[in-house]
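Listed below, chain by chain, are the residues.
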Amino acid sequence: MADFSTFDTRGYRTVSPRDGYREWAATYEESVEDAMDIDLLDRLEAVPWAIAGRAADLACGTGRTGAWLTGHGIAEIDGVDLTPAMLDIARARGVYRNLIEGDIGSTGLPTADYGVVTACLVDEHLPDLRPLYSEAWRLARPGATFVVVGFHPHFVMAAGMPTHFHDKAGETIAIDTHVHLLGDQIATGLTIGWTLIEMRERTIDDAWLAVKPKWERFRGHPVTFALAWRKDRSE
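Residues numbered from 1 in each chain as written. Predicted model: local features only at pLDDT ≥ 70, side-chain atom pairs only at ≥ 80, totals over all residues. Heavy atoms only, no water.

Enquirer: So what exactly am I meant to see when it comes to the sheet that holds strand β5 (residues 114–120) here?
Expert: Strand-to-strand pairing in sheets goes through backbone hydrogen bonds, with the strands running parallel or antiparallel. Taken in spatial order, the seven strands line up as β4-β3-β2-β5-β6-β10-β9 in an open sheet, and their pairing is mixed. Looking at strand neighbours, the two that pair on one side only are β4 (98–101) and β9 (195–203), the edges of this open sheet. Geometrically, the sheet is characterised by an average inter-axis angle of 15 degrees between neighbouring strands, direction not taken into account. Strand direction decides the pairing type here: strand β2 (residues 54–58) and β5, joined by four bridges, are parallel. For D57, the partnering residue across the bridge sits in β5 and is T118. Set on the sheet, helix α4 (residues 84–93) makes contact with β3 (76–81) and β4; between it and β4 the angle comes to about 175 degrees. Taken strand by strand, helix α7 (residues 182–192) contacts β6 (140–151), β9 and β10 (222–230), and its axis lies near 10 degrees from that of β10. (Pairing = 2+ DSSP bridges. Helix = DSSP H or I, 4+ residues; strand = E, 2+ residues; numbered from the N terminus. Axes fitted to C-alpha atoms, helices over the stretch in contact; angles between N-to-C directions. Contact = heavy atoms within 4.5 Å.)

Spelled out as structure tokens, the structure:
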């Protein structure tokens, strides 16, 4: 893991994920575009969504991933998030079987009960990836998949940009950000026992710039990534 302070060019006041997402919840849906995460979920080809059966959506936030999973044939979804305000919005979508306020590294969800586990746009807030990968392993049944979608470390470093939002007073607030290289992700997953079955990287292109034209100077840079893992053994 690289220290984000080495790359920070913004110097925004920084708050914890719990505090940041509590305040951001009201405007989160207006801020985060599908190009960040949904686009990558759409591009994954190795994940058998339709036969997954049941999903655990870690860091489910406002339920954007849960809505996507429902649209791809998954009828039973349990979501976990640290922030009650985000969970309230997710609950209103009506796509979750259960929603739990909790730590994604220790969810309390049943062991080996899920055909797919997802974690989208959360890894940059974790000082250590191992609890996430270990908990996903515990939740996944043999043969299940684990999908991680994240803010690309290259972009975090090149742009010096943490995850951030504008508060009610108009101040730009950063949420505690950590830089995990893709090699860190892969090493962690392999150590836990996961088998990597697919990797995608989203670059800033014309479609992205149509949404965020001020990012023209970053054209061609990777901005988000997706890793798909499979659990090939039970221990």
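Enquirer: Is there a simple way to explain unusual backbone geometry in this structure?
Expert: Negative phi values dominate among residues other than glycine, just as trans dominates among peptide bonds. In this structure, A59 is a non-glycine residue whose phi angle is positive, near 55 degrees. Tracing the backbone through its elements, the reader meets A59 in the loop between β2 and α3 (64–71). Using a relative accessible area of 16% as the deciding quantity, one classes A59 as buried. (Buried < 20%, exposed > 50% of the residue type's maximum accessible area, 1.4 Å probe, protein only.)

Enquirer: For this particular structure, what's the right way to read the side chain of D78?
Expert: Note on placement: D78 falls in strand β3. Accessibility expressed as a relative area gives 2% for D78, which makes it buried. Looking at D78, its side chain comes within polar contact range of the side chain of R97, at 2.6 Å. The contact partners of D78, leaving out residues within four places of it in the chain, are A55, A56, D57, Y96, R97, N98, L109 and Y114. (Polar contact = N/O pair within 3.5 Å; in protein donor to acceptor, adjacent residues only side chain to side chain.)

Enquirer: Hey, could you run me through the pairing of strand β8 (residues 172–175) in this one?
Expert: Side-chain positions along a regular strand alternate between the two faces of the sheet. Every second residue of β8 is oriented toward a common face, with T172 and A174 on one face and I173 and I175 on the other, all of them buried. As paired elements, strand β1 (residues 13–15) and β8 share three bridges and run parallel to each other. Opposite T14, over in β8, you have A174 as the bridge partner. When strand β7 (residues 164–166) meets β8, the two strands line up antiparallel, connected through three bridges. When the bridges of β8 are listed, H166 appears paired with T172.

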